[in-house]
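Summary of the model geometry
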Amino acid sequence: MGQRAQTLQDFLTPSASAVADLSVVDFVQRWRMITGEPPAVLLTSRTEMLALLIESTPAAPFKAPIPAWDNRKLGSGTAR
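This report concerns the structure included in the present document. What you are looking at is a predicted structure, and each value in this text was computed from that prediction instead of being measured.

Attention shifts here to helix H2 (residues 24–35). Between its first and last C-alpha atoms H2 spans 16 Å; for 12 residues at 1.5 Å apiece the expected length is 16 Å, and the two agree. Of the residues one or two after H2, Gly36 is the one with positive phi, at around 90 degrees.

Pasting the structure below:
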């Protein structure tokens, strides 16, 4: 009998579980990576902390992509 090959699913955990399983040091370090500063208060629920962070972060403005070409520069097809 051989060993079963590991799949990506073997390494994935539900997000709430992944956050809950982090040590305080790791959570604070990762929070600092996201926000640039340590959390002011550590709530008992890290999921609630992340929800508050998301709610308080303004959405980035949507900017339509600029095409690589510009029709105005193509002209009417006549030589100048």
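Here we come to the environment of Thr57. By the element assignment, Thr57 lies in the loop between helix H3 (46–56) and helix H4 (71–74). Look at Thr57 and you get partly exposed, because its relative accessible area is 46%. A polar contact of 2.6 Å, which involves the side chain of Thr57, links it to the backbone oxygen of Leu53.

A separate point is a nonpolar patch on the surface. Side chains of Val41, Leu43 and Leu52 sit close together on the surface and give an oily, nonpolar patch of about 260 Å² of accessible area. When you line up the elements, Leu43 lands in the loop between H2 and H3. For Leu43, a relative accessible area of 34% corresponds to the partly exposed category.

Evaluation of the coordinates by the stated rule reveals 1 aromatic pair. Look at Phe27 and Trp31: their rings are 5.9 Å apart centre to centre, the planes differ by 40 degrees, and that puts the pair in the tilted class. Here the residue Phe27 and the residue Trp31 both occupy positions in helix H2, the gap between them amounting to 4 residues, near one helical turn. Each member of the pair, Phe27 as well as Trp31, carries the same accessibility label: buried.

Time to look at H3. Inspection of H3 places Arg46, Met49 and Leu53 among the buried residues, and these make up the whole buried set. Projected onto a plane normal to the axis of H3, the buried residues spread over an arc of 55 degrees and lie on a single side. Facing away from the buried side of H3, by more than 90 degrees, are the exposed residues Ile54 and Glu55.

We now examine the nonpolar core. Grouped together as the largest cluster of nonpolar side chains are 6 residues: Val19, Leu22, Phe27, Trp31, Met49 and Leu53. Those elements that provide at least two residues to this core are H2 and H3. Not counting the four nearest positions on each side in its chain, Leu53 is found in contact with Trp31, Ile34 and Thr35.

Definitions and limits used
- Residues numbered from 1 in each chain as written.
- Predicted model: local features only at pLDDT ≥ 70, side-chain atom pairs only at ≥ 80, totals over all residues.
- Heavy atoms only, no water.
- Helix = DSSP H or I, 4+ residues; strand = E, 2+ residues; numbered from the N terminus.
- Expected span 1.5 Å × (residues − 1).
- Buried < 20%, exposed > 50% of the residue type's maximum accessible area, 1.4 Å probe, protein only.
- Polar contact = N/O pair within 3.5 Å; in protein donor to acceptor, adjacent residues only side chain to side chain.
- Patch = residues over 30% accessible without salt bridge, like charges linked within 9 Å, V, L, I, M, F, W, Y side chains within 5 Å.
- Areas by Shrake-Rupley, 256 points an atom, 1.4 Å probe, with all protein chains shown as cover.
- Salt bridge = Lys/Arg side-chain N within 4 Å of Asp/Glu carboxyl O.
- Phe/Tyr/Trp six-rings, centres within 6.5 Å; stacked < 30°, edge-to-face > 60°.
- Arc of directions from axis to C-beta.
- Core = buried A, V, L, I, M, F, W, Y, C linked by side-chain atoms within 4.5 Å.
- Contact = heavy atoms within 4.5 Å.

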